[in-house]
Number of protein chains: 2
Amino acid sequence: MGVQVQSYHHGNLKQALLETALEHLKLHGPDKISLRALARDVGVSQTAPYRHFEDKTALLAALAAEGFRRLNHASALVTSPESSAARALQLSGKAYIHFALDNPELYRLMFGPMLSPDDDFPELEEAGNQAFDVIVSIVRRGIDSGEFVNKDSLLVANSTWAMVHGISSLMLDRRFDCVEGGISESVLDESLDIIMLGLLVR
Amino acid sequence: MGVQVQSYHHGNLKQALLETALEHLKLHGPDKISLRALARDVGVSQTAPYRHFEDKTALLAALAAEGFRRLNHASALVTSPESSAARALQLSGKAYIHFALDNPELYRLMFGPMLSPDDDFPELEEAGNQAFDVIVSIVRRGIDSGEFVNKDSLLVANSTWAMVHGISSLMLDRRFDCVEGGISESVLDESLDIIMLGLLVR
DNA sequence: ATATTATGTTAACAATGTTTACATAGCAAC
DNA sequence: GTTGCTATGTAAACATTGTTAACATAATAT
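1. Describing a negative patch on the surface
Phase 1 of the analysis: On the surface, Glu54(A), Asp55(A), Asp119(A), Asp120(A) and Glu125(A) cluster together to form a negatively charged patch.
Phase 2 of the analysis: Among the residues examined, Asp120(A) registers a relative accessible area of 58% and is labelled exposed.

See below:
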């Protein structure tokens, strides 16, 4: 027996903090996250988090980085190298938007004002860049294969990301018409079609 | 002479609070705004704001509404009924993005997580809708004149807004490549061209 | 075994949002 | 004009938060 009732050292506090923070994010917005509340939930003193995160902001940044990694994963999963670039972009975009709608508060944290682009969080920056790279590589493939217009691939990727992020963001704010309490796949498809039309060679 | 040194009643506290709040927004992010600091700056007790705003959130909502009104103004100003819808949309979009870049923290407040779409602020909602209407009316004109594809005008307007908002948001987060310390007009034009290409009848 | 480092705790501080009770001004009715 | 009513302001207090400083304990290396 000898169940480990209480040990002075938690053992995996950093991870535990991030996980409960993700839980809290599902309930309230990112601005409502409190270090002390996290510590309470994990069952540790209120200053313990400071052994693992310099700041509250640092914890939020780690959270956002995890968000980008998951977004990454979600949008990269659906693409297969066999399909056309256009189809890959469409599927990837839909997966992206669905991720945002499924994790609204996490997404708001990732792009919200709690994390200023001025402060320096390499982990966050890299995860964000990788999310962008998913789009870039599909766009490059489309340009190389002649499917897409022959414009600067970074510009095209940026525009594509802007479109997908814009739809996600407006939908989260209920400023993009969608079916009450859900999302209409056809609306999504048609919106994505509009940007794709600007990309395709005619 | 009898200069009015101190009067128990401020006279125009609500407006004064909003104005200094806009000042504070230029310096720090929306999450850094403090009711007490505003009261201090205006020279009034820390609880006086509660006579004019139920909440801190209510003040932020009023601020965001003012932001939408200004955005509105900025993006509607540049459109003239004589020009083509395509040109109007391009100019209006550029004005929109410039507004976002000129008022980064205000824009972040307008779309940030401090204001949940769940809570009810009629003033904010109306101002936001009017911003949308600017786009809708241009899109309608383009569809009616045969310039734009004959799709549902709300869908097209939504997509257009998504594009413009996406560009703005990514640029504010420095996730959209642009000239260091400024914005490249040509990048902006080309990005907007891409969405426009999807709209134009071919 | 001992020293060092990593990790956790307690106590304290200043700042904030908010509520309650009280004070004063402006104004309308009599 | 006095009397009340309402709008607007103040003061005091509370709970909560982020953060720091000083101390305690565990894990680890020497």
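2. Quick notes on the nonpolar core
Phase 1 of the analysis: With 132 residues, the main nonpolar core has Leu63(A) and Leu63(B) as its most contacted residues.
Phase 2 of the analysis: The greatest single-element share of this core, amounting to 11 residues, is contributed by helix H7 (residues 153–172) of chain B.
Phase 3 of the analysis: Apart from residues lying up to four places away in sequence, Leu63(A) is in contact with Leu18(A), Ala21(A), Leu22(A), Leu25(A), Ile33(A), Leu106(A) and Leu109(A).

3. Description of the side chain of Glu105(A)
All names here are of chain A.
Phase 1 of the analysis: Tracing the sequence through the fold places Glu105 in helix H5 (residues 104–111).
Phase 2 of the analysis: Assessed through its relative accessible area of 18%, Glu105 is described here as buried.
Phase 3 of the analysis: Apart from residues lying up to four places away in sequence, Glu105 is in contact with Leu25, His28, Gly29 and Pro30.

4. Thoughts on the domain arrangement of chain A
Residues and elements named next belong to chain A.
Phase 1 of the analysis: Partitioning chain A into domains gives domain 1 (1–53) and domain 2 (56–197).
Phase 2 of the analysis: Put simply, the middle of domain 1 and the middle of domain 2, counted by C-alpha atoms, are 30 Å apart.
Phase 3 of the analysis: At the boundary of domain 1 with domain 2, the tally comes to one residue pair in polar contact (both at pLDDT 80 or more).
Phase 4 of the analysis: Mapped onto the side of domain 1 that touches domain 2, the elements with two or more residues apiece are helix H1 (13–27) and helix H2 (35–42).
Phase 5 of the analysis: Among the elements that make up the side of domain 1 that touches domain 2, the one with the highest residue count is H1 (five residues).

5. Let's talk about the protein's contact with DNA strand D
Phase 1 of the analysis: Residues in close proximity to DNA strand D total 24 residues, the closest being Arg36(A), Thr47(A), Ser45(B), Arg51(B) and His52(B).
Phase 2 of the analysis: Counting only the atoms of DNA strand D that lie within 4 Å of the protein, the sugar and phosphate share comes to 48%.
Phase 3 of the analysis: Here a phosphate oxygen of DNA strand D sits 3.3 Å away from a polar atom, N or O, in the side chain of Arg40(A).
Phase 4 of the analysis: Interatomic distance of 3.3 Å between a side-chain N/O atom of Arg51(A) and a base nitrogen of DNA strand D.
Phase 5 of the analysis: Taken together, the residues of the surface near DNA strand D sort by class into eight nonpolar, 10 polar and six charged.

6. Focus on empty space enclosed by the protein
Where empty space is left becomes clear once a probe the size of a water molecule has been rolled over the atoms.
Phase 1 of the analysis: Applying the stated criterion to the full structure yields four cavities of 30 Å³ or more.
Phase 2 of the analysis: Considering only enclosed or pocket space, the largest cavity measures out at about 220 Å³ in volume.
Phase 3 of the analysis: Forming the walls of the largest cavity are 18 residues, and the residues nearest its centre are Phe111(A), Gly112(A), Ser169(A), Phe111(B) and Ser169(B).
Phase 4 of the analysis: Of all the secondary structure elements, the ones that give two or more residues to the lining of the largest cavity are H5 and helix H7 (153–172) of chain A together with helix H5 (104–111) and H7 of chain B.
Phase 5 of the analysis: When grouped by side-chain class, the residues that make up the lining of the largest cavity number eight nonpolar, six polar and four charged.
Phase 6 of the analysis: A volume near 110 Å³ is recorded for the second largest cavity.
Phase 7 of the analysis: Lining the second largest cavity are 13 residues; nearest its centre among them are Leu89(A), Ser92(A), Gly93(A), Thr160(A) and Val164(A).
Phase 8 of the analysis: Secondary structure elements with two or more residues in the lining of the second largest cavity: helix H4 (85–102), helix H6 (122–144), H7 and helix H8 (185–199) of chain A.

7. Brief notes about the protein's contact with DNA strand C
Phase 1 of the analysis: Looking at DNA strand C, there are 25 residues lining it, with Ser45(A), Thr47(A), His52(A), Arg36(B) and Thr47(B) nearest.
Phase 2 of the analysis: In DNA strand C, the atoms that sit within 4 Å of the protein are 50% sugar and phosphate, with bases accounting for the remainder.
Phase 3 of the analysis: Contact distances for DNA strand C include 2.6 Å between a phosphate oxygen and a side-chain N or O atom of His52(A).
Phase 4 of the analysis: Considering every element that reaches the surface near DNA strand C, the biggest residue donor is helix H2 (residues 35–42) of chain B, with three residues.
Phase 5 of the analysis: Residue composition of the surface near DNA strand C, grouped by class: eight nonpolar, 10 polar and seven charged.

8. Quick notes on the environment of Asp193(A)
Phase 1 of the analysis: Along the chain, Asp193(A) falls in helix H8.
Phase 2 of the analysis: Under the relative-accessibility criterion, Asp193(A) is labelled partly exposed at 31%.
Phase 3 of the analysis: Among all residues touching Asp193(A), those that are not within four sequence positions of it are Gln90(A) and Lys151(B).

9. A few points about the relation of the copies chain B and chain A
Phase 1 of the analysis: Least-squares fitting of chain B to chain A yields an RMSD of 0.0 Å, with the transformation described by 0.0 Å of translation along the axis and a rotation of 180 degrees. What we have between these two chains is a two-fold relation.

10. Points about H5(A)
Phase 1 of the analysis: Among the eight residues in H5(A), seven count as buried, and that is most of the element.
Phase 2 of the analysis: Along H5(A), the residues classified as buried are Glu105(A), Leu106(A), Tyr107(A), Arg108(A), Leu109(A), Met110(A) and Phe111(A).
Phase 3 of the analysis: On the buried face of H5(A), the contacting elements are H1, helix H3 (56–77), H4 and H7 of chain A together with H7 of chain B.

Rules used throughout
- Here the residue numbers are simple positions, counted from 1 along each chain's written sequence.
- All chains are assigned letters beginning at A, and all ligands numbers beginning at 1, according to the order in which they are written.
- Reporting of local features is limited, given that this is a predicted model, to residues whose pLDDT is at least 70; pairs of side-chain atoms are given and counted only at 80 or more, and all residues count toward the totals for whole chains, interfaces and linings.
- Hydrogens and water are ignored here; the side-chain numbers use all heavy atoms of the structure.
- Patch members must show over 30% relative accessible area and no salt bridge, and they are joined within 9 Å when carrying like charges or within 5 Å when they are nonpolar side chains of Val, Leu, Ile, Met, Phe, Trp or Tyr.
- Only the protein chains shown count as cover for residues, with accessible areas throughout obtained via the Shrake-Rupley method and a probe of 1.4 Å.
- When a carboxyl oxygen of Asp or Glu is within 4 Å of a side-chain nitrogen of Lys or Arg, the pair counts as a salt bridge.
- Positive charges are assigned to Lys and Arg, negative charges to Asp and Glu, while His and the chain termini are left out of the count.
- Every charge is mapped onto a representative atom, which is NZ of Lys, CZ of Arg, CG of Asp or CD of Glu.
- Accessible area is worked out with a 1.4 Å probe on protein chains only. A residue is then buried under 20% of its type maximum, exposed over 50%, and partly exposed in between.
- Side-chain atoms within 4.5 Å are what join buried Ala, Val, Leu, Ile, Met, Phe, Trp, Tyr and Cys residues into a set we call a nonpolar core.
- The secondary structure listing takes helices from DSSP runs of H or I that are at least 4 residues long and strands from runs of E that are at least 2 residues long, numbered from the N terminus.
- A contact between two residues is defined here by any heavy atoms of the two lying within 4.5 Å.
- Bear in mind that the domain bounds are from an automatic or database domain assignment.
- Throughout this description, a polar contact denotes any pair of N or O atoms lying within 3.5 Å of each other; where both atoms belong to protein, one of them has to be capable of donating a hydrogen while the other can accept it, and for residues adjacent in sequence the pair is counted only when both atoms sit in side chains.
- By convention in these notes, a residue is near a molecule or strand provided one of its non-hydrogen atoms lies within 4 Å of it.
- Under the grouping applied here, Gly and all other residues not named as nonpolar or charged are polar, the nonpolar ones being Ala, Val, Leu, Ile, Met, Phe, Trp, Tyr, Cys and Pro and the charged ones Asp, Glu, Lys and Arg.
- Both cavities and pockets are sets of points on a 1 Å grid over the protein atoms alone; in a cavity a 1.4 Å probe fits but cannot get out, in a pocket the set is open with protein on both sides within 12 Å along at least five of seven lines, and lining residues sit with an atom within 4 Å of a point.
- Grid points are joined across faces, edges and corners, and a volume is the space filled by probe spheres set on the points.
- Only residues with pLDDT of at least 70 in both copies contribute their C-alpha atoms to the least-squares superposition of the copies.

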